[in-house]
Structures are given as C-alpha cells and as structure tokens.
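# Structural characterization, general
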Amino acid sequence: MLNNLTECEEGDGGPNSQGDATSKESSPFINSSTSDVEKSQQYDGKNMALFEEEMDTSPMVSSLLSSLANYSNLTQGSKEHEEAENNEEARKKTVQAPRMGTIMGVYLPCMQNILGVILFLRMTWLVGVGGVLGTFAIVFMCCSTTMLTAISMSAIATNGVVPAGGSYYMISRSLGPEFGGAVGICFYLGTTFAGAMYILGCIEILLIYIVPPAAIFKMEGLEGSEAEAALLNNMRVYGTIVLSLMSLVVFVGVKYVNKLALVFLACVILSILAVYAGVIKTSFDPPEFPVCVLGNRTLLSKGFDICAKTIEQGNVTVTTRLWRSFCDSEFLNATCDDYFNNNNVSQIQGIPGVTSGILAENLFSMFAEKNSFIEKRGISAALDPEAPLTNANRYVLADITSFFTLLVGIYFPSVTGIMAGSNRSGDLQDAQKSIPIGTILAITTTSFIYMSSVVLFGACVDGVVLRDKFGEGVNGNLVIGTLAWPSPWVIVFGSFFSTCGAGLQSLTGAPRLLQAISRDGIIPFLRVFGHGKANGEPTWALLLTACICEIGILIASLDAVAPILSMFFLMCYMFVNLACALQTLLRTPNWRPRFKFYHWALSLLGMSLCLTLMFLCSWYYAIVAMGIAGCIYKYIEFCGAEKEWGDGIRGISLSAARYALMRLEEGPPHTKNWRPQILVLMGLDGEQNVEQPRLLSLTNQLKAGKGLTIVGACVEGTYLNNQPQAQKADQSLRKLMEIEKVKGFSQVVISSNLRDATSHLIQAGGLGGLRHNAVLVSFPKNWKQAEEHHRCRNFIEIVRETTAAQLALMVPKNISAYPSNGERFTEGYIDVWWIVHDGGMLMLLPFLLRQHKVWRKCKMRIFTVAQMDDNSIQMKKDLMTFLYHLRFDAEVEVVEMHDSDISAYTYEKTLVMEQRSKILKEMHLTKNEREREIQSITDVSRGSIRRKNPSNLHPQRSIAEESVTGSGEEKPEEESVRLSRPRQVQLIQGKNATPTPTSPTSPTAPTPAAMSPGEEVQMTWTDETEKTNNPAVANPENIKDMFNMKPNQSNVRRMHHAQKLNEVIVKKSQEAKLVLLNMPGPPRNRTGEENYMEFLEVLTEGLNRVLLVRGGGREVITIYS
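Residues numbered from 1 in each chain as written. Predicted model: local features only at pLDDT ≥ 70, side-chain atom pairs only at ≥ 80, totals over all residues. Heavy atoms only, no water.

### Some remarks on unusual backbone geometry
The omega torsion of the bond from Trp-485 to Pro-486 falls at 10 degrees, within 30 degrees of zero and hence cis. Note on placement: Pro-486 falls in the loop between helix 18 (479–483) and helix 19 (488–520). With phi around 75 degrees, Ala-556 is a residue other than glycine that occupies positive phi space. For Ala-556, the location among the structural elements is in the loop between helix 20 (539–555) and helix 21 (558–586). The exposure class assigned to Ala-556 is buried, which follows from its relative accessible area of 1%. Even without being a glycine, Gln-688 presents a positive backbone phi close to 65 degrees. (Helix = DSSP H or I, 4+ residues; strand = E, 2+ residues; numbered from the N terminus. Buried < 20%, exposed > 50% of the residue type's maximum accessible area, 1.4 Å probe, protein only.)

### Describing a nonpolar patch on the surface
A grouping of Leu-611, Phe-615, Trp-619, Tyr-620, Ile-623 and Met-626 is seen on the molecular surface, where their side chains present a nonpolar patch of about 590 Å² in accessible area. Contributing elements (two or more residues each) for the nonpolar patch: helix 22 (600–617) and helix 23 (619–639). A per-element tally of the nonpolar patch places helix 23 first, with four residues. Tracing the backbone shows Met-626 in helix 23. Overall, Met-626 belongs to the partly exposed group, its relative accessible area being 31%. (Patch = residues over 30% accessible without salt bridge, like charges linked within 9 Å, V, L, I, M, F, W, Y side chains within 5 Å. Areas by Shrake-Rupley, 256 points an atom, 1.4 Å probe, with all protein chains shown as cover. Salt bridge = Lys/Arg side-chain N within 4 Å of Asp/Glu carboxyl O.)

### Describing the sheet that holds strand 5 (residues 345–349)
Spatially, 2-1-5 is the arrangement adopted by the three strands of the open sheet, whose pairing is antiparallel. Single-partner strands in this sheet number two, and they are strand 2 (297–298) and strand 5. In the sheet, strand 1 (residues 290–294) pairs with strand 2 via two bridges, with the strands oriented antiparallel. Pairing of Val-293 across the sheet is with Thr-298, part of strand 2. (Pairing = 2+ DSSP bridges.)

### Digging into the confidence of the model for the protein chain
A low pLDDT score tells you not to read the predicted coordinates there in detail. Residues at a pLDDT of 70 or more form 74% of the protein chain, whose mean pLDDT is 76. Per-element averaging of pLDDT across the protein chain places strand 15 (residues 986–988) at the bottom with 31 and helix 22 at the top with 94. Low pLDDT, under 50, characterises residues 88–95; the stretch is placed with six contacts to residues that sit more than four places away or in other chains. Scored below 50 in pLDDT, residues 923–1037 shows 212 contacts in the model against residues more than four places distant or in partner chains. (pLDDT = per-residue confidence, 0-100. Contact = heavy atoms within 4.5 Å.)

### Digging into the pairing of strand 9 (residues 774–777)
Neither face of strand 9 is left uncovered, since the one carrying Ala-774 and Leu-776 and the one carrying Val-775 and Val-777 both have all their residues buried. Where strand 6 (residues 678–682) meets strand 9, four bridges bridge the pair, whose relative direction is parallel. Opposite Ile-678, over in strand 9, you have Ala-774 as the bridge partner. Note that strand 9 and strand 10 (residues 808–813) share three bridges and pair parallel. Along strand 10, the bridge assignment pairs Leu-776 with Met-810.

### Some words on the state of the cysteines
Applying the stated rule across the entire model yields two disulfides. The disulfide bridge from Cys-292 ends at Cys-307, spanning 1.9 Å between sulfur atoms. Judged by the torsion about the S-S bond (85 degrees), the Cys-292/Cys-307 disulfide is right-handed. Residue Cys-292 is located in strand 1, and its partner Cys-307 is located in the loop between strand 2 and strand 3 (310–313); the two are separated by 15 residues in the primary sequence. This pair shows no difference in class: Cys-292 is buried, exactly as Cys-307 is. Residue Cys-327 pairs covalently with Cys-336 via a disulfide, S to S 1.6 Å. The disulfide joining Cys-327 to Cys-336 has a torsion of about 105 degrees about its S-S bond and is therefore right-handed. Considered together, Cys-327 and Cys-336 belong to a single accessibility category, that of buried residues. Counting its disulfide-bonded cysteines in sequence order, the protein chain shows a connectivity of 1-2, 3-4. (Disulfide = S-S within 2.5 Å.)

Shown next as structure tokens:
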C-alpha cells in the first residue's frame, strides 16, 4: 500500500493526472481507461470505492499514519521535509532510533552548560563587590529570566515535533524567517563568544593558578598598566593556541567531544561538591588562610614572608621583608612610607567559617574604582589626605571599576545554556516530555546552587578575600579553592577541565547552528556555510566560527567578553518569550502545546526582564546587538528567500488587519485622511497578457498618497472552465505590478460577459472599509471601429456605475504616450482645467504626481473658465487665495469664453452624429441582425442612392470589395469589407458632404477611426429575401427620412461648446506635459451613448496626454490642518 501511495504521490502520468488535457468529468464512463480499471482493482476489497477517485491527492489514513510514525528529525520546515521524504536518497538512509531520556538527554547537558567558568572564577568576587544582598538580587533576577524563558520554550517545544535545530528552529518557525534569521545569528554569535569566554577562563586558570612560569610575557616586577598589558598579551597568545587546538579536535572528531562531555560534567559536579564539603568543614574546623592587612589595606602575599614590620630575634629587633618594601633601608631609623609609619600591620583570618558571623559584614556592596585599594571593613586607618600615594604595588588593587550593572553583565553568562536540551531534540526518545521536565529541573538545580553559593560565600569568607579577584592576598590561590575540601587543587583542575569542555561544546554547537541557518536559505550570503564534509560536518561554518571566536580571544579580558555574549543570549531569550506570548494571545488553531503550565503574562514578564537586563548590562552593547539584529532582519526581508512557515508575525498581521478593518467600518475617513484608493481596470489579450502596461506606470506615479491599489482584470467564461486562464492572468498582473513597483493586490474576475465582470469588480473590490474610492480605466482606443463597439459600451457603463457608486473616475487618453517610471521630465507644465467643482480631485492629482520623480520638475498651472457676466479679475484673486490656503504652488489663469454663433461645420458634425445613431438603431432590431456587418453610413445632404448588384459573388462566401473613391480634396482611405450575404447595396457619398464614421455596433467589420470631408463610404446592405423580415431596413423611405432629418438643438449646443472649449485648451495647453480636465457625465437615458463618446472625442482632440477626471461626490482636500 505504501509503495502504491508513493507512486500516486509522484504521479504516474495517467489519464487523470494533472498534465492530461482530458479531465475526469469529460469522460462518459468513470472507469473507461485501463489505468482506472487497475485502480479500481487496486482498492477493491479495501472499502475505498467511494474515494478511489481522490487517492491521487488524498492518501489512505493507514499509509499516512505510517509515514508520521517514521518521521525523521530534519532541520527543515514541513514542506521541505515532505520533499526530502520523497527523495530516494533520503528514503535509503536509516534513521537511528532515539535513545536518550530526560536525564541523559536534557538534564545533564543543561547542567554542564549552565555551571561553568563564572561560578569558579568570578562568583566570589561578585559576592565581595556586590554584597550578599546585591548579588543575590542579580542571581535571582537572572535565574527568574531563564526560568520564565524555559517555560515559554517548553510550550513551543511541545507544540508539535521540533526537528534538530533547537532554539533557532523554534524561533524561526514561530516568528518567521526575518526574526528567526536575526535571532538565529544573534544566538550563533552568543554561542561563539561563549566559546571565547570559556577559552579565556581556561587560560586564566592555567597561567595564574596552575603554571604561572609558563607566561611568555613576564609580569614579575611590572606594575599597573604594564602588568595588565602583559597578562592580556599572554591571554591572546595562549588563547589563540588553545583555540586552534580545539578547532582541530572538533574538525577531526566530534564524537570524541561528545564522549568526553560526561567526563567534563563529572569534574564540575565534583568541584561543586568539594565546595559544599569545605563549607561544612568551616563550621567546626576553618582552614588557615591568613591575610595581612596594613591599616585597612590588603597586602600582596608575595611582598613579604612574615606579616609584621619587625620581629624579635633573641633580644634584637630585626626588620622584616615587609619593612624593606616600604622603607629605604633595613635599619630602624630608615625613612618609610607615611601610611606605613602611621598604621599597624595586622593579620586576619581569610576564611573565618560559616559560624563566625562574617555574613553581616558582607551583606552590602563595596564597589571600587580601578587601581583602588582592597580595604577591610571595620578597621580604621590613619591617612593623610594630602600625602602622595606611594608603594601602590605593595597592595592588592582593584583591576577594574566595578558597579552594579557591570556585575549583571559578567554574571548572566553563567545562567545561559538552557537551550542545550532543545538543541538535542533530535536525539530524544520523547522530546515533548523530556525538554520541559529536564530543562526546568536543571534550572531549578543550578539556581539553588548559585543562590546557596552567594549566601555561603558571604557567610564563610572575609570580604577582602572575596574582593581579591586573583587571590593575590592568599598566596595566589583560587579564592573558591581556598574554601574547598580536601584540597584547592580539586577546584583548580575541575574548573580547568570544565572550561575546556565548555569551550569544545561551543565550538561544536555554533557551526551546526550556522549550518542550519545557511541550509534554510533565508540569508543568501551565508549559503556557502551550509556545505561541509561528506559526513555532514560543517567545515566552512567551523572556520568562520573560529575566526569570530578569535575576536573574543583578542579582547583577552573575561570581564569584557562576558557582557557581549550576554547581549546575544538575552536577545535570543527575549524572542523565545515573545514567540510564546504571541502564539498564546493570537490563539491560532495550531497552538496546542502539551506543556500546560504557561501563560502569556509570564512570557511577557520574561521578555521584559530580558530587555531590562540587556540595558542593565550595557546600554551601548544592547543598542549594537539590536542594530545587528535589525540589519539582518531588513536584509532577510529585502534579499532573503521567501519562506512561509506559518509564523506568529503573519498572525499578528492578520489580527492587526482585522482590527484596522473593523475600525474603518466605524465611518468614512475625514477629508484630511482621504487618499486615492485606486481600482485599476486592466484589459487582457487572448493570451491573458496585459494590453496597456502604462496604466500601472501611471498608478505608481499617483501613489504618493500611499493608498490602496487593486489591479483588476476580467476573463470571459465560467469559473470551472476558465480558472486556468484566470490564474495565468493573475500571474501576468502580479509580474507587471512587480516590474512597475506597484504595491497592491491583483484580482481577476470570471463572468459570462466582460460587462458583468467589470461591474462585479467595481462593486465587490476591497474588503470592508478598505475599499477603492477611485477607478482608473483607459479611454477606449479606436472606439469608432465596429469590433471595438463592446469596449465602448463597457466604458460608458463604467462611467455610469462609478457615478452611481460615488466613486472618483480617472480616464487617461492616449495612455501609450504617458511616461514610464524610468523617464524624467526636466521641465514643462501640468495643466489643470477646472471647469466644474468635483471635490478637489483635479487639484489633488497633480500634487500627487509631482511627488514622483517623473513629474517632479513640472510646474502646475490651473485654468478656469469665465463667462461673459463673470468678473475675471476677482475670480483670479479668489482662486489664488484658495490655492494659498490649500498650500498648493501653482500658476493661475482665468480664460474668458465669449458667446459666438454656431458654425456650419458644427451643425453638420452634429447631424452626422445623430444620423449614425438613428440608422444603427433601425438596423439592429433583433439579436440575429446584430451579426451583420456595417462598414459606415454616410450623410447625404445632396447625394444620390445607387444600387449595385455584383454577379461574381459566390453564395455563403465572403469576399472583399474595394471602396469607391470620390473627388474630395483629401486623399480617401481604402479598406476591405467582408460580406456575408450574396447581395449588397452601396451608398455613394456626395462630393461635399460631411462624413460620419460607423457607430461601433458590429464586432467584426473594421471602419476608419476618422474621416474627412469629401470621402466616399460604402455600406453593406441586405438582399431582397431579407427585406421582408426587416421592414425598417427594407423600406427605402425610412432611409430617406434619416438623411433628411434635422439635428437636435441640445446636441448642436453641446457640440458647439465642446468644440469651443477644445480650441481654448489646445491654444493654452498644447505644449503641456499633461492636461487634467473635468469629464462630463454620460446621458441619463440610454439614447445618445455614441453622441457622448463623440463629445469626449471633440473635447480632447489635438491633445497628447489628457487625464479626464470625475469626482466621487465628496470633498478630498481641505484648507484646515
């Protein structure tokens, strides 16, 4: 069954496959083909006869459950995983069964990563400087942050299968590729710098506590900054050597690193147990660790042998080595340091024990400036403020300036590592059970260790020893080692091996994390790091990790590196909490975690704590880390691969969109917020390609208002039959929108006719309150030709519907002459002819156009028309004041139009227009007769009708007939006319008659777009057999009446005004780059539609680029702020 299913999934190319042209519904029998018969036998006896037609796309549940049970953990999304399963090579690989449980798979790895270098090298110093209370607050805050993050992580990890990839996988699939990539890189950088920190800790233990003579740059005899520089140089040299060795170990054999992990963890646990044992021992037998104090200042143990100024040998007082350190000679009358003379030397117990009451002294903080003295509390010292500071190198000094936020940054890396369990999710037997239990248990254990350590260190060790970072006052011993039992070397070697192990783990994990990010393909320039050796080891990623780690090594200071990695880890944890909070608040149906002990408030609290700690640690590091994440986010957004992972950010977008749409429903927008929300009606050719792409160029140039754009197109047919054409048209629209950089939505409507489809777009475009308020449609080209008649009718209906729907309408004429987005006008004018008030659309559109770089250099001119009884001067003043209040910068001119007599040409042109309309109505009485071809009807004021019956026409065969040429002054046009009837009548135009083109009613007969006086026109007519069926056509008297009729006076007046206005516009604006003009409305009744188109043609004649504009019935500009 599984094999059969696989064949179905891969597609066997049968007759019902997608590539076959014959669909299942077209076959007269369900199982007519051989493959269908075989398929029916295949599912016979399995009670699947009802569903056998759907087995290609819907597999049986039995096989589906089998594939889910054998799920292999891949660092991919579900779609990629399904593709990998279909790969033969992927099926050949055998996936090892997970073996590790909660303790070995999650608890112990988390323990190993959390407990580390900070506990052994800096914890005592933190307690001494910050005090028990301050340090406890820091530990509690950091541990609370990781606990809340672990709760959020547990919820995400138990919401489905988490493939190997751990935290990066969880964040990227919850917050999307942009956030996932940014936070993934931050987590990678944090892990890499953690490796540098562990290596620096390892070198510090080696050079200071184990083999100090191994230092290449000797620190003996050096003071202050010279000694510090020597130490840092030693760290850099040895750090680079150790990093190279560790990288080589990881490159050669990662399996050895994993095997040694338990050994390193055992070292950590033994060291901690030794500390607890030492604490218990101090209660009844404190160890001997004396500290020498001069006044209240701690002395370097290497500067003396006996903690006294003088000693008695026999009856003679002898000076000690300490005397000779502060005096110019060994004699008692020598000149000594003033502070040395005025203060006594005392010896205190460095570890007084847990029952000594030293806790009260260590409760509060004691921050210090760099190179200040480590002083004992409770001891007074005689100090002359004016005395110069001498012999500072004899005391234990503070190596850095300490303050509370610095302690937070140094401590936080000690609680990182909570992701170790989720990173191994691919090796767990039951990840959804083990990750929450193991992680929370590990955090609880380590939090108890850290908090108890703070209290116990403060209760057992004196403050001067705690603040002595490198143990210079206790013979160079590791301070925490002085407390350990049975020997300080247990802590020294335990911490050394633990830092080595942690460094190896970081160099092992970081390259794999980078490889997972690279293989996802969301960051293009990182794809090279997705490659590795034949066994999958990330070679290139390891090389990059080592190079970045070297940056941390070159910084060389553990205290300087710790805040850097704190930033990256805190940012990662912050987004884990954000992901959980978002998923919970959005209540997506797929959010069903098995871990139930979470709440969105806890996640938000954890996120707030992370953000607070980031700025507490270092505000400038926090800004830098956020800047890095922001740059990566924008890079992925613009250049990264498109990924759809069902992330929470998409859910936020949907919720925000729903909320915004509901708000928009509350009422129409205020005039100040009005902006053109444009519905662009595009035409398609037979191949579903866009006919006029310049419409989208104009749309882009109008989008300075940043409103909604819907690009609509219509496909004629039924939805079931024409869906592929609609998908192809939608792809064409999207591709063109991408080329023209139009941000918006495409919508393709299928209907039985284009008229209804366009109406559906106008009515149903948009959603809720986010609907279009303006329609952009091109002026019908060659509308006088018969085959373009349907477009002419559609255009007039669009004008009517937009008027009824109170939508603005923009009609560019000669759209092919409009500039593309790449063109630039260096000069010129945008002329606005403001004839009637339309709500301000005419004023707003040129302002929006001039925001675009194409029209930016053009100036704006506004013309208005004054009648005879208008005061032109006052009109100009009022218009300039109005434009000033509108904040528009434009030149103003008032054009006076005087009344004049109607010319004979206008009278004849109107007569031609009306004759054409009337004859068309007479000749189109029935639907069948609309298929007849009419080339043109001529106005014969002094002509004759002559019938011509050609005898060479074959019945039912179309031929071409040459046009008869008259003796006009202009050259006549020649064209062919296809005839579908055996008989025809030809009307010959008179010599001086005014021509009229054919009204576009027939879809097939081509007609000249314009004709000149003197041309002769032909008309196809019917034969004798059809005259009886159509008496209006058969009767010649009707035709004579048409040619002898008088024009309507209203039409004559409109034609006259259109012609006069056109003359004025051409005179003033012929050289303008664009002319915006009020568009007159269509006739209210259905008669005279062709006359309306003729009026528009006359109005815009002689102008290159015209944008006809009709307002939407509301004000779109205001003078108020």
